[in-house]
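Report on the structure
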Amino acid sequence: MYRDGFTVDDGPYRRLDDPNNAEFLSSLARGVTPRELSEGGEDVTVGLVDKRGEEYDPSAAPSGGGGGGGFQSFSGAGNSLGTATSSSGGGESSNGVFVPDASATAPTLDASRPSTSIQVRLLNGKRLVVKVNLDASVSSLGEHIDANGASTEPYVLVSGYPPRPLTDLGQSIESAGLKGAQVMQKKA
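Remember, it's a predicted structure, so these values are computed and weren't measured experimentally. (Residues numbered from 1 in each chain as written. Predicted model: local features only at pLDDT ≥ 70, side-chain atom pairs only at ≥ 80, totals over all residues. Heavy atoms only, no water.)

**Focus on the environment of Ile173**
Note the following rule: Note on conventions: DSSP H or I runs of at least 4 residues are helices, E runs of at least 2 residues are strands, and numbering of each starts at the N terminus. Here, residues are in contact when the closest pair of their heavy atoms is within 4.5 Å.
Mapped onto the fold, Ile173 is located in the loop between β8 (164-165) and β9 (182-187). Distance in space between the C-alpha atoms of Ile173 and Val138 is 5.5 Å, their sequence separation being 35 residues. Once residues within four sequence positions are removed from consideration, Ile173 is found in contact with Thr116, Ile118, Val132, Asn133, Leu134, Ala136, Ser137, Val138, Leu141, Leu178 and Lys179.

Right under this line is the structure:
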């Protein structure tokens, strides 16, 4: 909002006294999202940059022709802290992040070797009791979770107190200290 007009993102400068802008300005004054911004039917948050003490300067506008004195809304991509930045799809990545694989099958238990039961608390709050051999890798827990269709987004497994991520997925269940343990699934 400038002294005599306004811009919307990189759009053209629009004067306050133009009758074509009356409905837009009236909606803003009432605290309602203007119709032209909410045409897609989705929730829209409108943020105003107060430049009422300034005149609009087209030379300071971004190359798109609109105003804003060089200001441009964020248009990039982001990552949450602790997420996998790359993975080959399916299975797990090197930093302990599992990428769900809908075609996964649960590993079979070899009854002739020592085994244990591990309780996994899933993202949806449900429990999954997994029976695995002690020499099986930590990654086999992820295979059991994927085989049960318990996740559609990348996740990590944490265990212990205080909870710590299980990052060495090649480690055996026994050497990771997971014999009879409780493991929690967390969003990556």
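Continuing now.
**Focus: the confidence of the model for the protein**
One rule of thumb: low pLDDT means the predicted coordinates there are not for detailed reading. Quick note on the threshold: Every residue is assigned a pLDDT by the predictor, reflecting its confidence on a scale from 0 to 100.
Residues at a pLDDT of 70 or more form 79% of the protein, whose mean pLDDT is 79. Considering only residues more than four positions removed or in separate chains, one finds that residues 63-69, a stretch of pLDDT under 50, has 24 contacts. Low pLDDT, under 50, characterises residues 82-90; the stretch is placed with 15 contacts to residues that sit more than four places away or in other chains.

**Section: the nonpolar core**
Nonpolar side chains tend toward joint burial in soluble globular proteins. The cut-off we apply is this: By nonpolar core we mean a set of buried residues, namely Ala, Val, Leu, Ile, Met, Phe, Trp, Tyr and Cys, connected to one another through side-chain atoms within 4.5 Å. Relative accessibility thresholds used throughout: buried, under 20% of the residue-type maximum; exposed, over 50%; partly exposed, between the two (1.4 Å probe, protein chains only).
Grouped together as the largest cluster of nonpolar side chains are 21 residues, with contacts concentrated most on Ile118, Leu141, Ile145, Leu157 and Leu178. When contributions to this core are tallied by element, the ones reaching two or more residues are β5 (115-121), β6 (127-133), α2 (139-147) and β7 (155-159). It is β6 that contributes the most residues to this core, 3 residues altogether. Dropping the residues within four chain positions of it, Ile118 is found in contact with Leu128, Val129, Val130, Val132, Leu141, Ile173, Leu178, Ala181 and Val183.

**Structural notes on the pattern of salt bridges**
Note the threshold: Within this document, salt bridges are pairs made up of a side-chain nitrogen of Lys or Arg and a carboxyl oxygen of Asp or Glu, the two lying within 4 Å of each other.
As enumerated under the stated definition, the model contains 7 salt bridges in all. The shortest N-O distance in the salt bridge between Asp110 and Arg113 comes to 2.9 Å. Classification of Asp110 as partly exposed rests on a relative accessible area of 28%. Judged by relative accessible area, Arg113 falls into the partly exposed class, the value being 35%.

**Considerations on the pairing of β7**
Every regular strand shows the same layout, with side chains that alternate between the two sheet faces. Counted only if it meets this: When DSSP finds two or more bridges between a pair of strands, those strands are recorded as paired.
In terms of burial, β7 is a largely internal element, 5 of the 5 residues being buried. Every second residue of β7 is oriented toward a common face, with Tyr155, Leu157 and Ser159 on one face and Val156 and Val158 on the other, all of them buried. Strand direction decides the pairing type here: β7 and β9, joined by 5 bridges, are antiparallel. Bridging from a neighbouring strand, Leu157 pairs with Gln185 of β9.

**Remarks on helix α1 (residues 22-30)**
Residues three or four positions apart in an α-helix share a direction because the helix packs 3.6 residues into each turn. Spelled out, the test is: The arc refers to the directions leading from the helix axis to the C-beta atoms.
Looking at α1, one finds that the buried residues are Phe24, Leu25 and Ser27. Along the axis of α1, the buried residues cluster in a sector spanning 160 degrees; they form a single face. Seen from the buried face of α1, the exposed residues on the opposite side, beyond 90 degrees, are Ala29 and Arg30. Residues of α1 that are buried sit in contact with β1 (5-6) and β2 (14-15).

**Comments concerning the environment of Tyr13**
For clarity, the threshold we go by: Between N or O atoms, a polar contact is any pair within 3.5 Å; within protein, one atom must be a potential hydrogen donor and the other a potential acceptor, and residues adjacent in sequence are included only when both atoms are from side chains.
Looking at the element boundaries, Tyr13 is found in the loop between β1 and β2. In sequence terms Tyr13 and Met1 are 12 residues apart; their C-alpha atoms lie 9.8 Å from each other. Ignoring any residue separated from it by four or fewer positions in sequence, one finds Tyr13 in contact with Tyr2, Asp4, Gly5, Phe6, Thr7 and Tyr56. Engagement of the side chain of Tyr13 in a polar contact is seen with the backbone nitrogen of Gly5, the distance being 3.0 Å.

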